[in-house]
Every structure is written in C-alpha cells, then in structure tokens.
Number of protein chains: 2
Amino acid sequence: MKLKEFAREIGLSPTTVSRALSGYPEVNEATRARVMEEAARLGYRPNINAVRLATGRAGAIGVVMTKAGDYQFSEFMSGMADRLSGEDIDILITPMAEHHTGDELQLYRRLAESRRVDAVVIHSPRPKDPRIALLHQLKLPFIVHGRSATDVPHAWLDIDNEGAIRRSTEHLLDLGHRRIALLNGREGLTFTLHRLAGYKTALAVRGIDFDPKLVTHDNFTDEIGFRYARSALEQRPRPTAFVAGSMMTALGIYRAARARNLVIGKDISVIAHDDVFPYLTAENMVPPLSTTRSSIRAAGTRIADLLLQMLAGREAAEIQELWPVELILRETSRPAPKDASE
Amino acid sequence: MKLKEFAREIGLSPTTVSRALSGYPEVNEATRARVMEEAARLGYRPNINAVRLATGRAGAIGVVMTKAGDYQFSEFMSGMADRLSGEDIDILITPMAEHHTGDELQLYRRLAESRRVDAVVIHSPRPKDPRIALLHQLKLPFIVHGRSATDVPHAWLDIDNEGAIRRSTEHLLDLGHRRIALLNGREGLTFTLHRLAGYKTALAVRGIDFDPKLVTHDNFTDEIGFRYARSALEQRPRPTAFVAGSMMTALGIYRAARARNLVIGKDISVIAHDDVFPYLTAENMVPPLSTTRSSIRAAGTRIADLLLQMLAGREAAEIQELWPVELILRETSRPAPKDASE
C-alpha cells in the first residue's frame, strides 16, 4: 500500500500521515496514535524515504565527536537512544580527530549544507562558544549540553556544577577540613569554570585564602587522579580532603592514599562527581564514596526530548534547564584528622 | 568553482575527482593526493552532496546500538572515528531500546532501504547470527566484530578469546590453583562460548573436572562482579582464583575479597580481560591487576579500515582477522594459598 492510498483509506491528508509517522511530534498525540493503529490494522508499512521526502526531514540528530575516549559519551548517547528508539530517528556521529580541533566549525558547516541532520547537540561548551553563533547563523536547530555565556539565543540543558562543588566544599569545611584539593576538568570549559567558582565561593564565605597549588585542571582518568593526588600528598601541610571531578579520578586518589598508608575516610576525605555509570557504582568502592550525583544518561534522554519539541516548533530561547545536583554522603567524607603532618 | 570546471582544469574526469574526494579509496593514492593538492591550490571546495550524488555513496557507516550503557561502545567508536576522521565519512547510529530486541532485523532492513549508510558493523554476534544472513541477502556490505559459525561468507575481525582464557586458566593451574571461578559474558554470544571453551580445555588437559558452580554468565559491571565473587567466596572449599571478564568485574571481585579480609595476590588470584580503556588502567589498581589485553579501540580503527577496503572492492569473504591476546602478569596472579578453608 502506498502512502496516498493509506491516507485516503483513513481519511487524512498524506502530509498529516507523513508527519505522524516521521517521529517528530508535529501532530497531536491522538492523531498520531490513530495513524499508528490504522497502519498496524491495514498492514501499511511506510517507506521511510517517502516519509522523509514528504516532511523534508533527515530523520537524524547530529553529534560531532570531538573528544575521543570519553566514557561519558556512551552513557549520554544511550540516554538519547532511549528517547529516539522507536521514533525512527538516528544519531549521526561526525568524527573529528583530536589533532584537527581547528576544523570543528567547518564540520558544522558541512552538516548544515548536507541536510543530513535536522538538529545537533553541542557538548563541552566554552563561554562565548563560536559553535553557537555559527549554528544560529546557519539556522540549524541545536541544543547545548552545558552552558555558554553568549548573547545568541539558544536552547541549553546543564547541571548545577557551581552549586554542586560549592556544597561539597562547604560540607568538607563544616567537617573541619582547611586544605581541600580540587581536581577540576580541562581548562577553558564552562563547567570547569563553574566548578572553580563554586569552590572559591565556599572558601571565601569562610574567609579561607584560595591556594592555586591545591587546584589542577585535566581530563578525568584514574591515572591523572593518581598522579595529582600523589604529588598533592607530598605538600606540607598536605591536603586532608579532595573534591574530585569523576569516579575515575577518585579511584586514582584511593590508590595514591594507599601508597602512603593513608586511610580514606579517616586520614583523607573524598567527594567525587558521579555521572551514574551503570558499570561503576560509588557504593561499591572501598570505602563507599561520597558523591555529587547527576545522571548523564537522563540528560541525554531529556536533550533528545527537547530537540523533538524544538523540531515541533517550540522556541529554542525558552529552553533553559538547570538541573540540581544531589550531594550523597557515604563513608569518605569524615571529620578532618587532628594531625595532618602525615 | 563547480566540480565539472575543477575536473576540466586538472585534466581528470568528474567521476575520478568525485571518487578521489569521496573518502573511499577507489582511486590510487597518487591520484587522490594530486586531486587534494590541486583542490587546495585552486581553492576548490567540493559540494559534499554533489560528490555523494556522483559516487552513489551515502558517506556513512551504520551501527545499530543494541546494548545501552555499554562502556566498550564508546572506545570502539573512538577507534572507528580515528580512521574515518578527515575522510568525510560519518557514523550513523540507529538506536534500539533494550525491550525492543525482536526488531533488530527490521532496523537493518530499513537501513538498507533508506540507503543512508554504505556499510554496517555488527557487534556481539551469536553462532548462526541471523543478522549475517539478512545483510548478505540485502547486499548491504558489513563486517562482524567478533565471529559467528555460519556458512554465509562474510568479513570479520575478532580477538582470540578462547586462547586468552585458556592461557590465563593454564597459568593459574601452573600456580597450583584448582578451584578457579570464571566470570563470563552474557549467555549465547560467540565470545562467551569461546571463553568457556578455553576455560574447559585448560581444565581438561590437566584432568580437572569442570564444576558449573564456578562459572557465571552476565554483563560486565562492578556490581555483578561483587555479587558473584561474594557468593563464590562462601563456597567450601572456596575458589582461590578468578578469571574475570572485564576490569569492572575485577573491581567488584577486589571489593568482595576485602569484605572477607582476603588479600588479593595472596589469598586470591585474579586475571581479568582488559580492553585498554584510557581512563582505567590495570597498573593503577591496588594491587596491579594481571590481565589478558587487547585494545578495543584498535579493533574499531582496523574495522573502519577494512570497511573502506571492502567499499573499494576487496572481497568480504577474504577478510578474516583473528587477533592474538597478550597475557600480562602483574601482582594478582600468585601461587595458590596452602590453606583455602578461609
């Protein structure tokens, strides 16, 4: 059965039928449900290309894969997939080699030209991110995962990084810690700046001087966590607490502490940010790790949802979601030791 | 400048120019290099859609994302991205919800119909995997990451799972271990069957009876590793060694051992499979973990490379790569304890 026949059979226009079947919510749910039911009843199987031609839609969301080996990436993608699965909408990943960083804007230009995606997701934004101005100019719908301080109106979803790190730093201060190390993300990214601001505010409120020797900026791996914690623990006086960027970073801190016979949760406190990976859980670490927690998978699902809304006509500029972050205390955030000379 | 003009200018046919610019290696390297140079010199920027139209290529490799939250996925994708970056070839991910497993074949039919990909990668194959027969019939080029016992000719790349697990089990037997637990992958997958075969062969050669109570099948997460190891360590006599499916599984075993005051590398030996994640390294675990090692990222890069060769005309049936796996001994594979009653 062809699209036209099917549409005539159920008394709707081919355009409405196409839209109902396109995966994008441009028709109301009742109509869409009816079209799906009738298609099942009459055995109509839409030709995906005909639907795409009729709707002018590519049926894909674009993501430029800039940072290779990023374990957050697959959880975020799984979250998007949860929402897009069953909608006949794919995810088009444009790979970019790490040494080609300068060409990223060019990749977005090509994506827009080729009309192979209906919208894109931007990751790891910087303040005044040039990708935002470019996509706005190209009129390619997009949403930012994170935030950027730019005047260009755009949709974004972010977690409250500043509040999360402020709260965990304050909690450690409440426990008597005075030298608190911060293992922060890569320099220049908005989330890194927000985390640093949260850390500095917590210190400032207590009148404690900021010591740049206690802060580092890098990727979130166990190896980098280990190296930095090892070197921080050689300082005199040494830090008694760590605010860590990720679970992997925390694993490295655990190792550095053990190598110096320091007991985590007694000699050293740790609070790490947890993106909620299904394969590595804070409760299972020894000892169970205190965390600031926000599911990156849930963010992926919600971002896919917001993109569908934008493609159905919702104004990008009105989409601004800031998610609160939970602070979950387990066994690694304890009172500061009386003597931290070793 | 249009494609035709540019081709005339450099004295080649538009088809050759398109092919040289398409990212697929259908013209020889010298011609391709010359076309790229001339394009740079004359300021010719190819219209990607014109090139695709001329070559009849979609410019994308397809991957159906079946298993959500799989941390191997992003490393493999990064490996593919390393090879495809700069070639103007994207990766199209078709999401599939976990509860929609029955529809996977339908997704491949749609991918083939829609002509949005030039080839696909199949993951986690089973023996006689129906996706292989289907893709062969649909004439959509594909390569299998893993192996399948089917008569349908096809390209594949796999690591020697059987040899890896046989070797690690044999090594533990050499060290005097007799009760060796195997934390294997999900049931029914080829790699799981191969690992079990390697384990059984090692035992059989030494005349040791296979005990099904020592083997479990599941996903590779720290939580599952912990739960299974905890229950295995309650057996009397208890296992003195574990062959673990992944680094995450090993983290769970470490925790279960600590909870019983058993020392890894003394009371308990562990050898785990390591896919070489950049963010979690076996050397950094406490104690450093003995592993069977093979980079899943390198596999992704090579698979992208082989797909490009296939699209340039190489016979699929002649592509059969079996990668050896290294056994790397660190501090967790030690002689069996004399008394394993606790």
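All residue numbers here refer to positions counted from 1 along the written sequence of the relevant chain. Going through the entries in the order they are written, you letter the chains from A and number the ligands from 1. At least 70 in pLDDT is required for a residue's local features to be given in this predicted model, at least 80 for side-chain atom pairs to be given and counted, and no such filter applies to totals for whole chains, interfaces and linings, which use all residues. The side-chain values count all of the structure's non-hydrogen atoms but skip hydrogen atoms and water molecules.

1. Considerations on the overall build of chain A
So, point 1. Helix numbering and strand numbering both begin at the N terminus, where a helix is a DSSP run of H or I of at least 4 residues and a strand a DSSP run of E of at least 2. Looking only at helices and strands, chain A features 12 helices and 12 strands.
So, point 2. Across its three principal directions, the C-alpha atoms of chain A cover 80 × 40 × 35 Å.
So, point 3. Note on classification: 1.4 Å probe, protein chains only; a residue is buried when its accessible area is under 20% of the maximum for its type, exposed when over 50%, partly exposed between these limits. Expressed as a percentage of its 342 residues, the buried residues of chain A come to 59%.
So, point 4. Two residues form a contact once any of their heavy atoms are found within 4.5 Å. Considering only contacts within chain A whose residues lie at least 6 apart along the sequence, 69% involve residues at least 24 apart.
So, point 5. Charge assignment: positive for Lys and Arg, negative for Asp and Glu; neither His nor the chain ends contribute. Working definition for charges: the position is that of NZ of Lys, CZ of Arg, CG of Asp or CD of Glu. Once the 45 positive and 43 negative side-chain charges of chain A are each reduced to a mean point, those two points are 1 Å apart.

2. Some words on the packing of aromatic side chains
Any aromatic ring pair is given by two values, namely how distant the centres are and how the planes are angled relative to each other.
So, point 1. Here the aromatic set is Phe, Tyr and Trp, taking the six-membered ring for Trp, and pairing holds for ring centres within 6.5 Å; pairs whose planes are under 30 degrees apart are stacked, those over 60 apart are edge-to-face, and all others are tilted. Under the defined criterion, the tally for this structure stands at six aromatic pairs over all chains.
So, point 2. Measuring from ring centre to ring centre gives 6.2 Å for A:Y199 and A:F210, while their planes differ by 80°; the resulting arrangement is edge-to-face. Here the residue A:Y199 occupies a position in helix α9 (residues 190–205), and A:F210 occupies one in the loop between α9 and β7 (215–217), the gap between them amounting to 11 residues.
So, point 3. The exposure class of A:Y199 is buried, given its relative accessible area of 1%.
So, point 4. Either the NZ atom of lysine or the CZ atom of arginine qualifies as a charge over a ring when it sits within 6 Å of the ring centre and within 35 degrees of the ring normal. The cationic tip of A:R255 hangs over the ring face of A:F226; the distance from NZ or CZ to the ring centre is 3.7 Å.
So, point 5. Taking the ring centre of B:W156 as reference, the NZ or CZ of B:R147 above it sits at 5.2 Å.

3. Details of the confidence of the model for chain A
So, point 1. Per-residue confidence for chain A gives a mean pLDDT of 90, with 92% of residues at or over 70.
So, point 2. Interface confidence for the predicted complex, given as ipTM, is 0.80, next to a pTM of 0.84. Think of pLDDT as the predictor's per-residue confidence, scored from 0 to 100.

4. Comments concerning empty space enclosed by the protein
So, point 1. Here a cavity means grid points, on a 1 Å grid over the protein atoms only, where a 1.4 Å probe fits yet cannot get out; a pocket means an open set of points with protein on both sides within 12 Å along at least five of seven lines; lining residues are those with an atom within 4 Å of a point. Grid points are joined across faces, edges and corners, and a volume is the space filled by probe spheres set on the points. For the structure on display, the rule yields six cavities of 30 Å³ or more.
So, point 2. Considering only enclosed or pocket space, the largest cavity measures out at about 270 Å³ in volume.
So, point 3. Around the largest cavity sit 21 residues that line it, and A:L251, A:Y254, A:R258, B:L251 and B:R258 are the ones nearest its centre.
So, point 4. Secondary structure elements with two or more residues in the lining of the largest cavity: α11 (247–259) of chain A together with α11 (247–259) of chain B.
So, point 5. In this count, Pro and Cys sit with the nonpolar residues alongside Ala, Val, Leu, Ile, Met, Phe, Trp and Tyr, while Asp, Glu, Lys and Arg are called charged and the others, Gly among them, polar. Residue classes in the lining of the largest cavity are distributed as 10 nonpolar, five polar and six charged.

5. Section: helix α5 (residues 71–84) of chain B
Residues and elements named next belong to chain B.
So, point 1. Residue count minus one, scaled by 1.5 Å, sets the expected span of a helix. The terminal C-alpha atoms of α5 lie 21 Å apart, and with 14 residues this matches the ideal 20 Å at 1.5 Å per residue to within 8%.
So, point 2. Among the 14 residues that make up α5, 12 are buried, leaving the element largely enclosed by the rest of the structure.
So, point 3. Looking at α5, one finds that the buried residues are Y71, Q72, F73, S74, E75, F76, M77, S78, G79, M80, A81 and L84.
So, point 4. G86 lies just past α5 and shows a positive phi near 85°.

6. Regarding the relation of the copies chain A and chain B
So, point 1. All copies are superposed by least squares; the fitting set is the C-alpha atoms of residues with a pLDDT of at least 70 in both. Expressed as a screw transformation, the operator carrying chain A onto chain B has a rotation angle of 180° and an axial translation of 0.0 Å, and the superposed copies differ by an RMSD of 0.1 Å. Expressed as an axis order, the relation between the two copies is that of a two-fold axis. Of every C-alpha in chain A, the one belonging to A:L92 sits nearest the axis of rotation, 2.2 Å from it.
So, point 2. In this assembly the copies share their binding face: 98% of the residues contributing to the interface of chain A also contribute to that of chain B.

7. Thoughts on the nonpolar core
So, point 1. By nonpolar core we mean a set of buried residues, namely Ala, Val, Leu, Ile, Met, Phe, Trp, Tyr and Cys, connected to one another through side-chain atoms within 4.5 Å. Core analysis: the biggest nonpolar cluster contains 92 residues, and A:Y199, A:F242, A:L289, B:Y199, B:F242 and B:L289 have the highest contact counts within it.
So, point 2. Counting 58 residues, the second largest nonpolar core, distinct from the first, contains A:M77, A:A119, A:V121 and B:I93.

8. Digging into helix α3 (residues 29–42) of chain A
All names here are of chain A.
So, point 1. Taking 1.5 Å of rise per residue, the 14 residues of α3 would be expected to cover 20 Å, and the 20 Å separating its terminal C-alpha atoms lies within 8% of that figure.
So, point 2. Of the positions making up α3, those classed as buried are R32, V35, E38 and A39. Axial view of α3: buried residues confined to an arc of 130°, hence all on one face. Away from the buried face of α3 by more than 90 degrees, exposed residues E29, A30, E37, A40 and R41 are located.
So, point 3. Packing partners of the buried residues in α3 comprise α1 (3–10) and α2 (14–21).
So, point 4. Polar contact criterion, stated in full: a pair of N or O atoms within 3.5 Å, where within protein one must be able to donate a hydrogen and the other to accept it, and residues adjacent in sequence count only if both atoms are side-chain atoms. The N-cap residue of α3 is N28: its side-chain oxygen and the backbone nitrogen of A30 are 3.2 Å apart.
So, point 5. Positive backbone phi, at 70°, marks G43, one or two positions downstream of α3. For this quantity, the arc is that covered by the directions from the helix axis to the C-beta atoms.

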